[in-house]
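The residues making up each chain are set out below.
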Amino acid sequence: MSECRVTQIPGGPRIVRGADVILDDDGNEHRVERPVVAVCACGLTQRAPWCDATHKVSQVKKVAQA
Ligand code: FES
């Protein structure tokens, strides 16, 4: 098993390095094929568990509403 490191990007995804598998909230396994992946932390992605950059749209809406 390799070392896994997770970094939370403020307002964005969790950057995961060195994982072999990601478990989603339902316990489903998603195999990781790359050394670094971005996992959605906002819950808005259409490609769960992966970040599809939808968090950027939600941030634009928050700024526009401020
Ligand atoms: S964190 Fe990027 S879509 Fe959720």
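A brief look at the structure comes next. (Residues numbered from 1 in each chain as written. Predicted model: local features only at pLDDT ≥ 70, side-chain atom pairs only at ≥ 80, totals over all residues.)

Here the focus is the overall build of the chain. Summing up its helical and strand segments, the chain has one helix and five strands in all. Here the C-alpha coordinates of the chain stretch approximately 45 × 20 × 15 Å along the principal axes. Residue burial in the chain is summarised as follows: out of 66 residues, 11% are buried. The contacts in the chain between residues at least 6 apart in sequence include a share of 22% that link residues at least 24 apart. (Helix = DSSP H or I, 4+ residues; strand = E, 2+ residues; numbered from the N terminus. Buried ≥ 20, exposed ≤ 12 C-beta atoms within 10 Å, placed from the backbone. Contact = placed C-beta atoms within 7 Å.)

With that out of the way, let us pick up the environment of K56. If you trace the backbone, K56 turns up in helix 1 (residues 54–65). Accessibility expressed as a C-beta count within 10 Å gives 14 for K56, which makes it partly exposed. Separated by 13 residues in the primary sequence, K56 and G43 have C-alpha atoms spaced 12 Å apart.

What follows deals with unusual backbone geometry. In this structure, the amide linkage connecting A48 to the following residue, P49, adopts the cis form with an omega of 10 degrees. The topology assignment puts P49 in the loop between strand 5 (36–39) and helix 1.

Before going further, it helps to spend a moment on the environment of V16. Inspection of the secondary structure assignment puts V16 in strand 2 (residues 14–17). Using a count of 19 C-beta atoms within 10 Å as the deciding quantity, one classes V16 as partly exposed. Between the alpha carbons of V16 and K61 there is a distance of 27 Å; along the sequence they are 45 residues apart.

Here we come to the sheet that holds strand 1 (residues 5–8). Strand order in the open sheet formed by three strands is 1-2-5, and the pairing between neighbours is antiparallel. Among the strands making up the open sheet, the edge pair consists of strand 1 and strand 5. Strand-to-strand twist of the sheet, defined as the mean angle between neighbouring strand axes without regard to direction, takes the value 20 degrees. (Pairing = 2+ DSSP bridges. Axes fitted to C-alpha atoms, helices over the stretch in contact; angles between N-to-C directions.)

Another point: helix 1. Relative to the 16 Å expected for twelve residues at 1.5 Å per residue, helix 1 spans 17 Å between its end C-alpha atoms, a close match to the ideal helical length. Burial within helix 1 is sparse, with just one of its twelve residues counted as buried. (Expected span 1.5 Å × (residues − 1).)

Where strand 1 and strand 2 come together, four bridges link them in antiparallel fashion. Paired with T7 across the bridge in strand 2 is I15. Linkage of strand 1 to strand 2, two consecutive antiparallel strands, is achieved through a turn of five residues, within which G11 is found at a positive phi near 75 degrees. Here strand 2 runs beside strand 5; their pairing, made up of four bridges, is antiparallel. Its bridge partner being in strand 5, R17 is matched across the sheet by V36.

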